[in-house]
Amino acid sequence: MAPEILSYDENIEEAVKKIVSYLRGRYHLSKRAVALLLLQGDPEITCFVQKQERNFDFLKDIIAETQSCYEVPLCYHLALMRGKWAEELAARALISTNLEKQQARQEWLDRLFISPWTGIPILLLVLYFGLFKFVGQFGAGAVVEFIEGKVFEQFINPWVNNLTIAYIPWPALRSLLAEEYGIITLGVRYAIALILPIVFTFFLFFAIIEDSGYLPRLALLVDRILKPLSLNGRAVIPLVLGFGCDTMATIVTRTLETERERVISTLLLALAIPCSAQLGVILAILSDYPKALLLWAFLVFLTFLLVGYLAAKVLPGEEPHFYLELPPLRWPQLGNVLTKTWTRLQWYFLEVLPIFILASVLIWLGNFVGLFPFLINSLSLPVSWLGLPTDAARVFLFGFFRRDYGAAGLYDICQARLLDGNQLVTAAVTLTLFVPCIAQFLIMVKERGWKTALATALFIFPFAFLVGFTLHYALANLGIQL
Amino acid sequence: MTAVTVVLSLMKKEVLEMAIPLDPSSGFFSVADLVVGDEARVIEINYRDPRQLQKLLAMGVLPGVKITLLQRFPAFVLQVGRKKIALDQNLARAIWITKAEKPQES
């Protein structure tokens, strides 16, 4: 039986006939569909048709003429007709049964999730167990230690190094592929040993909260906090992802509706969201100074809100809308969770792995031309302003090129008992706010363009040091010793 | 009371710029005026703002549809037919409703 085709009223059908007669180009949709989309003002199709048809002006006239027959926008009028037709069809074809008991149980659970009094504690629990414990301690901790410590450090890296010494006579090429900054020993190792476990565990966690239907409810709860930052609840996805890996999160900002939201969230990711590599080390070095840890968390959060608010004021554009469908809650299904995780992993390999390889090539280049000693020297002065020993300059430099090493370098200095509590918290805050790792910078360039990425970096550099300096000064002058 | 509510909501800038003329005596409210648990029927949506219109259409909020307000804070949560949706206050204000008469089932 052939499917019914919805026919609209006379004016619309006339217009569709006329438009179809003018369409000469090739379309993946039926010409009727194209005509209807044009009438409804679909921006993509309009753009597409404009490129293909020489008679586009006639089409515009037809559309304008049709619109003049109605008081309401055409897309609204057509949507109303479709809505009525859909209702009639549904009434003919669907039987509704009342699953009262099941629904009542679901309602109760749902209410727990979305009411602010119970929802927010639940949210914090989910973030604690999901992000901190599972992604942070298990993924970024145990799994990374295994893959990096055992597989790479003990097997792959030495093997690659030996191979290159045996077969490649030119030291420059050797250092490109292996040794300290090689594509394989650094770039690939970074992507597979350091970031992949974090990203994999995060994707698993994410797929679970997505498949269970909890994710939109999470977005609902945080929408109000994000509103003053000109973001809406949907931005919670890249922001939460940033605690796993900022590079991935910057890619995910694509899902936000307006460019303004994308720029603001990219800025906040680069500035105030520490990735799990950093988080792990910062938590380790500040664990002996719980007050310093609280101060660090408080300052970073404050910066997040303040800079977000200011960015929203400065950047022109429309306020975002928040609208989301809340799917029914259900047990996440294993097959779905695995499929979603796998799909995202594939995407990670295709998009992020090349960036890491590019980053390691750039680092190799930098090392080759003697850029690093120069940069360390120029960073020494600002670092001393923070009340830190000049050794710490190395930490900041490597913080950019190898973010985890930056924080780990701080850990080394801390182990050598060279820093006190005040210095540690200053360093930790500055390092967290500091420019993200080079891979993230490259992604920013790719997603937001050179100008925005550079503007962001040029803002973040001095700002991070400014905050660090203010903190150092305040702690010293207030006579606080942490 | 109704007139005051309507006049107050008319004074909000967005509504002023994009409002469909409302007749105070006909008792039009927006979703933002509902109390949790209220049932209502959609009379009209603010079709003057294309961005808002697009979103409301995408979620199936059309005149004639029956809705129930489930929550107001931190976001508006509505039962629209068989679906549950979440909206912010701006979108909630763009949906005009009349309160359904209780305890009638329609």
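Residues numbered from 1 in each chain as written. Chains lettered and ligands numbered in written order. Predicted model: local features only at pLDDT ≥ 70, side-chain atom pairs only at ≥ 80, totals over all residues. Heavy atoms only, no water.

(A) Local environment of the overall build of chain A. Secondary structure summary: chain A contains 22 helices and one strand in total. Across its three principal directions, the C-alpha atoms of chain A cover 85 × 60 × 45 Å. Going through the 482 residues of chain A one by one, you find that 49% of them count as buried. Chain A carries 38 positive and 39 negative side-chain charges, and their two centres are separated by 2 Å. (Helix = DSSP H or I, 4+ residues; strand = E, 2+ residues; numbered from the N terminus. Buried < 20%, exposed > 50% of the residue type's maximum accessible area, 1.4 Å probe, protein only. Lys, Arg positive; Asp, Glu negative; His and termini not counted. Charge placed at Lys NZ, Arg CZ, Asp CG, Glu CD.)

(B) Here's a closer look at the interface of chain B and chain A. With 25 residues of chain B at the contact, the number on the chain A side is 30 residues. Considering only the surface of chain B that becomes buried against chain A, Arg51(B), Pro74(B) and Lys84(B) emerge as the three largest contributors, covering 26% of it. Scanning the region where chain B abuts chain A turns up seven salt bridges. Across the pair Arg51(B) and Glu318(A) runs a salt bridge, and its minimum N-O distance is 2.7 Å. For the side of chain B that touches chain A, the secondary-structure elements that each account for two or more residues are strand 2 (39-45), helix 3 (50-58) and strand 5 (83-87) of chain B. Grouping the amino acids of the side of chain B that touches chain A by side-chain chemistry returns 15 nonpolar, two polar and eight charged. Here strand 1 (residues 323-326) of chain A runs beside strand 5 of chain B; their pairing, made up of four bridges, is antiparallel. Within strand 5 of chain B, the position partnered with Glu325(A) by the bridge is Ile85(B). (Contact = heavy atoms within 4.5 Å. Buried area = accessible area lost by both parts, 1.4 Å probe. Salt bridge = Lys/Arg side-chain N within 4 Å of Asp/Glu carboxyl O. Nonpolar A, V, L, I, M, F, W, Y, C, P; charged D, E, K, R; others polar. Pairing = 2+ DSSP bridges.)

(C) Representation of the packing of aromatic side chains in the model. All names here are of chain A. Tallying each qualifying case throughout the model produces twelve aromatic pairs over all chains. Residues tyrosine 27 and phenylalanine 48 carry aromatic rings whose centres are separated by 6.0 Å and whose planes lie at 70° to one another, so their mutual orientation is edge-to-face. One end of the pair, tyrosine 27, is in the loop between helix 1 (10-22) and helix 2 (31-39); the other, phenylalanine 48, is in helix 3 (residues 43-52), and 21 residues separate them in sequence. By relative accessible area, tyrosine 27 is classed as buried at 15%. Relative to tyrosine 214, the ring of phenylalanine 113 lies with its centre 5.0 Å away and its plane at 65°, an arrangement referred to as edge-to-face. With phenylalanine 113 in helix 6 (residues 100-114) and tyrosine 214 in helix 10 (residues 214-226), this residue pair connects regions lying 101 residues apart in the sequence. Across this residue pair, the class does not change: phenylalanine 113 and tyrosine 214 are buried. (Phe/Tyr/Trp six-rings, centres within 6.5 Å; stacked < 30°, edge-to-face > 60°.)

(D) Main features of helix 2 of chain A. All names here are of chain A. Residues Val34, Ala35, Leu36, Leu38 and Leu39 constitute the buried set of helix 2. Of the surrounding secondary structure, the elements contacted by the buried residues of helix 2 are helix 1, helix 3, helix 4 (56-68) and helix 5 (74-93). Within two residues after helix 2, glycine 41 carries a phi angle of roughly 75°, on the positive side.

(E) Layout of the pattern of salt bridges. Residue and element names in this part refer to chain A. Summed over the entire model, instances satisfying the criterion amount to 20 salt bridges over all chains. A salt bridge links arginine 344 to glutamate 210, with the shortest nitrogen-to-oxygen separation between them at 3.1 Å. Here arginine 344, found in helix 16 (residues 334-368), pairs with glutamate 210, found in helix 9 (residues 183-211); they are 134 residues apart in sequence, far enough to count as distant. Look at arginine 344 and you get buried, because its relative accessible area is 19%.

(F) Quick look at a nonpolar patch on the surface. Residues and elements named next belong to chain A. Together, Phe368, Val369, Leu371 and Phe374 make up an exposed nonpolar region whose accessible area comes to about 430 Å². Looking at the secondary structure, you find valine 369 in the loop between helix 16 and helix 17 (371-385). On the basis of relative accessibility, which here comes to 60%, the residue valine 369 falls in the exposed class. (Patch = residues over 30% accessible without salt bridge, like charges linked within 9 Å, V, L, I, M, F, W, Y side chains within 5 Å. Areas by Shrake-Rupley, 256 points an atom, 1.4 Å probe, with all protein chains shown as cover.)

(G) Broad picture of the sheet that holds strand 3 (residues 66-71) of chain B. An order of 1(A)-5(B)-4(B)-3(B)-2(B)-6(B)-1(B) is seen for the seven strands of this open sheet, with the pairing classed as antiparallel. Since the sheet does not close on itself, it has two edges, and those belong to strand 1 of chain A together with strand 1 (29-30) of chain B, each with one partner. For strand 2 of chain B and strand 6 (residues 95-99) of chain B, the ladder comprises five bridges, and the chain directions are antiparallel. Looking across to strand 6 of chain B, one finds that Glu44(B) is bridged to Trp96(B). The strands touched by helix 10 of chain A are strand 1 of chain A together with strand 3, strand 4 (76-80) and strand 5 of chain B; relative to strand 1 of chain A, the strand with the most contacts, the crossing angle is about 145°. (Axes fitted to C-alpha atoms, helices over the stretch in contact; angles between N-to-C directions.)

(H) Spatial organisation of the packing of helix 2 of chain A against helix 3 of chain A. All names here are of chain A. Packing of helix 2 against helix 3 brings their axes to within 8 Å, and their N-to-C directions diverge by 115°. Classified by the angle between their axes, helix 2 and helix 3 sit roughly perpendicular to one another. Here the hand of the crossing between helix 2 and helix 3 comes out left-handed. Residues Val34, Leu37 and Leu38 of helix 2 lie in contact with helix 3, whose contacting residues are Ile45, Thr46 and Val49. For the contact of helix 2 with helix 3, the per-class residue count stands at five nonpolar, one polar and no charged. (Parallel < 35°, antiparallel > 145°, perpendicular 65-115°, else oblique. Left-handed = near helix turned anticlockwise from the far one by under 90°.)

(I) Quick look at the packing of helix 20 (residues 421-433) of chain A against helix 22 (residues 450-477) of chain A. All names here are of chain A. Running from N to C, helix 20 and helix 22 cross one another at 160°; their axes reach a closest spacing of 8 Å. Considering their axes alone, helix 20 and helix 22 lie roughly antiparallel with respect to each other. Every pair of crossing elements has a handedness; the one defined by helix 20 and helix 22 is right-handed. For the pair helix 20 and helix 22, contact is made by Asn422, Val425, Thr426, Val429, Thr430 and Leu433 and by Ile460, Ala464, Phe465, Val467, Gly468, Leu471, His472 and Leu475, respectively. Residues of the contact of helix 20 with helix 22, tallied by class, amount to nine nonpolar, five polar and no charged.

(J) Representation of the environment of Leu326(A) in the model. Note on placement: Leu326(A) falls in strand 1. A residue is classified by how much of its surface remains accessible, and Leu326(A), at 4% relative accessible area, is buried. With 112 residues separating them along the chain, Leu326(A) and Tyr214(A) place their C-alpha atoms 8.6 Å apart. Apart from residues lying up to four places away in sequence, Leu326(A) is in contact with Pro216(A), Arg217(A), Leu220(A), Val77(B), Lys84(B), Ile85(B) and Ala86(B).

(K) Quick peek at the nonpolar core. Among the nonpolar cores identified, the biggest contains 112 residues, and Phe202(A), Trp296(A), Tyr348(A) and Phe396(A) are the most heavily contacted of them. Sorting elements by how many residues they give to this core places helix 9 of chain A first, with twelve residues. Phe202(A) has contacts with Leu131(A), Val135(A), Val240(A) and Leu241(A), leaving out every residue within four places of it along the chain. Residues Phe29(B), Leu34(B), Val42(B) and Leu87(B) belong to the second largest nonpolar core, which totals 31 residues. (Core = buried A, V, L, I, M, F, W, Y, C linked by side-chain atoms within 4.5 Å.)

(L) Molecular detail of helix 5 of chain A. End to end, helix 5 of chain A covers 28 Å across 20 residues, agreeing with the expected 28 Å (1.5 Å per residue, within 8%). By the burial criterion, the buried members of helix 5 of chain A are Leu74(A), Cys75(A), Tyr76(A), His77(A), Leu78(A), Ala79(A) and Gly83(A). Looking at the packing, one finds that the buried side of helix 5 of chain A touches helix 1, helix 2 and helix 4 of chain A together with strand 2 and helix 3 of chain B. (Expected span 1.5 Å × (residues − 1).)

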